[in-house]
Amino acid sequence: MKLLNMTISKRSRGFSIMEVLVASSLSLVVTACMMGLMINSLSSTARLVKMTHLTDDLRTAMQMMSRDVRRSNYSANAVHCFANPDCIADGSLSSPGDVQISDTNDCFVFMMDRDHDGDATENAAGGFRRATVEGTGVIQMWVGTAEPDCDSDDANWAAVTDPSDIEITSFSVDDLLSYTEVVYDDGQGQQLFQNVRKVRMSIEGRLHVDNTIQRSIEDVIKLRNNLYL
């Protein structure tokens, strides 16, 4: 009977202080690991949301520019430039379809035959550029009716990107990928050529709230009936 009482007493005495401390320590370690994983997951999600936000803003600006560049190569007289490598503009915005790129490669201007009468000089001009507003780089769009000036402070240059939200760190446009192709060959030495202009644009930007969030996008537009500069 005495032996039985001793056995019951040992079983019911509970955990020792050391056992409690070890168990508590393990619980704290497991809890800390779980909190770390949760914080890391939330941080990654927040960063992904910020990157998506920046990418969407840059893509919106790029889509606006790409759309207008594609439209600028059309005019009622554009067909006259097909298979005509000598269809060259005179360096001014006087011909429908002109797309001019600035020497600094951060601005381009153009005209479109918006009313399809073969004369683009009577239509509102267009343009895009990177400019600095209060120390922040932005993409601006020309909304005036006169010929745009890439270097002017004209109020008709309207911001496309929000300078309080993102900073455009770089914008470049060029047509270095342009080439001339044969569009007709009669097999007896008679060939017709076509200038194919490829306009390449790239944008780089970052968020103000977290300048480690940076993105860049690029687009290349092929213009077959553009008045080649």
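Residues numbered from 1 in each chain as written. Predicted model: local features only at pLDDT ≥ 70, side-chain atom pairs only at ≥ 80, totals over all residues. Heavy atoms only, no water.

*Asks:* Describe the overall build of the chain, listing the residues and the values that go with them.
*Replies:* In terms of helices and strands, the chain carries 2 helices and 9 strands. For the chain, the α and β elements follow one another from N to C terminus as α-α-β-β-β-β-β-β-β-β-β. Evaluated residue by residue, the chain yields a buried proportion of 34% over its 229 residues. Looking at the chain alone, contacts between residues at least 24 apart form 57% of all its contacts between residues at least 6 apart. Total accessible area on the chain stands at roughly 13800 Å², and carbon and sulfur atoms take up 54% of it. (Helix = DSSP H or I, 4+ residues; strand = E, 2+ residues; numbered from the N terminus. Buried < 20%, exposed > 50% of the residue type's maximum accessible area, 1.4 Å probe, protein only. Contact = heavy atoms within 4.5 Å. Areas by Shrake-Rupley, 256 points an atom, 1.4 Å probe, with all protein chains shown as cover.)

*Asks:* Let's hear about the pattern of salt bridges: which residues, and what values?
*Replies:* Under the criterion given, the structure shown has 4 salt bridges. Among the ionic pairs, R67 bridges to D68, the shortest N-O distance being 3.2 Å. By relative accessible area, which is 42% here, R67 ends up partly exposed. R206 serves as the salt-bridge partner of E167, at 3.2 Å between the closest nitrogen and oxygen. Highlighted residues: E167 in strand β6 (residues 166-174) and R206 in strand β8 (residues 191-207), separated in sequence by 39 residues. Its relative accessible area of 15% is what places E167 among the buried residues. (Salt bridge = Lys/Arg side-chain N within 4 Å of Asp/Glu carboxyl O.)

*Asks:* Help me get a handle on the nonpolar core, residues and values and all.
*Replies:* As a rule of thumb, soluble globular proteins bury nonpolar side chains together. Formed by 24 residues in total, the largest nonpolar core has its most connected members in M65, F108, F171, M201 and I203. Of all the secondary structure elements, the ones that give two or more residues to this core are α2 (17-72), β2 (107-110), β6, β8 and β9 (214-223). Broken down by element, this core gets its largest block of residues, 6 residues, from α2. The contact partners of M65, leaving out residues within four places of it in the chain, are F108, F128, I139, F171, M201 and I203. Formed by 5 residues, the second largest nonpolar core is a distinct cluster that contains C107, V109, W142 and W157. (Core = buried A, V, L, I, M, F, W, Y, C linked by side-chain atoms within 4.5 Å.)

*Asks:* Describe the sheet that holds strand β4 (residues 136-142), with residues and values.
*Replies:* Taken together, 5 strands build an open sheet; the order of strands is β1-β2-β3-β4-β5 and the sheet is antiparallel. Looking at the sheet topology across the chains shown, the edges are occupied by β1 (99-101) and β5 (157-159). Across the sheet, the mean angle from the axis of one strand to that of its neighbour is 30°, orientation sign disregarded. Both β1 and β2 contribute to a ladder of 3 bridges, which runs antiparallel. Bridge assignment links V99 to a residue of β2, and that residue is F110. (Pairing = 2+ DSSP bridges. Axes fitted to C-alpha atoms, helices over the stretch in contact; angles between N-to-C directions.)

*Asks:* Give a description of the state of the cysteines that names residues and reports values.
*Replies:* Under the defined criterion, the tally for this structure stands at 1 disulfide. The disulfide that involves C107 links it to C150, with 1.9 Å between the sulfurs. Linking C107 and C150, the disulfide has an S-S dihedral of approximately -75° and is accordingly described as left-handed. Linking C107 in strand β2 with C150 in the loop between β4 and β5, this pair joins segments that are 43 residues apart in sequence. The class of C107 is buried, set by a relative accessible area of 1%. (Disulfide = S-S within 2.5 Å.)

*Asks:* Now, about a nonpolar patch on the surface: what can you tell me, with residues and values included?
*Replies:* Taken together, M18, V22 and L26 make up a surface patch of nonpolar side chains, about 310 Å² in accessible area. Locating L26 in the fold gives a position in helix α2. Overall, the relative accessible area of 55% leaves L26 in the exposed class. (Patch = residues over 30% accessible without salt bridge, like charges linked within 9 Å, V, L, I, M, F, W, Y side chains within 5 Å.)

*Asks:* Now, about the packing of aromatic side chains: what can you tell me, with residues and values included?
*Replies:* Within this structure, the stated rule accounts for 3 aromatic pairs. Ring geometry for W142 versus W157: centroids 5.3 Å apart, planes at 65°, classification edge-to-face. With W142 in strand β4 and W157 in strand β5, this residue pair connects regions lying 15 residues apart in the sequence. An identical accessibility class is assigned to W142 and W157; each is buried. Feature note: the residues F108, F110 and F128 constitute an aromatic cluster, connected by ring pairs. (Phe/Tyr/Trp six-rings, centres within 6.5 Å; stacked < 30°, edge-to-face > 60°.)

*Asks:* Could you give me a rundown of a negative patch on the surface, with the residues and numbers involved?
*Replies:* On the surface, a cluster of negative charge is made up of E147, D149, D151, D153 and D154. Along the chain, the position of D154 falls in the loop between β4 and β5. (Lys, Arg positive; Asp, Glu negative; His and termini not counted. Charge placed at Lys NZ, Arg CZ, Asp CG, Glu CD.)

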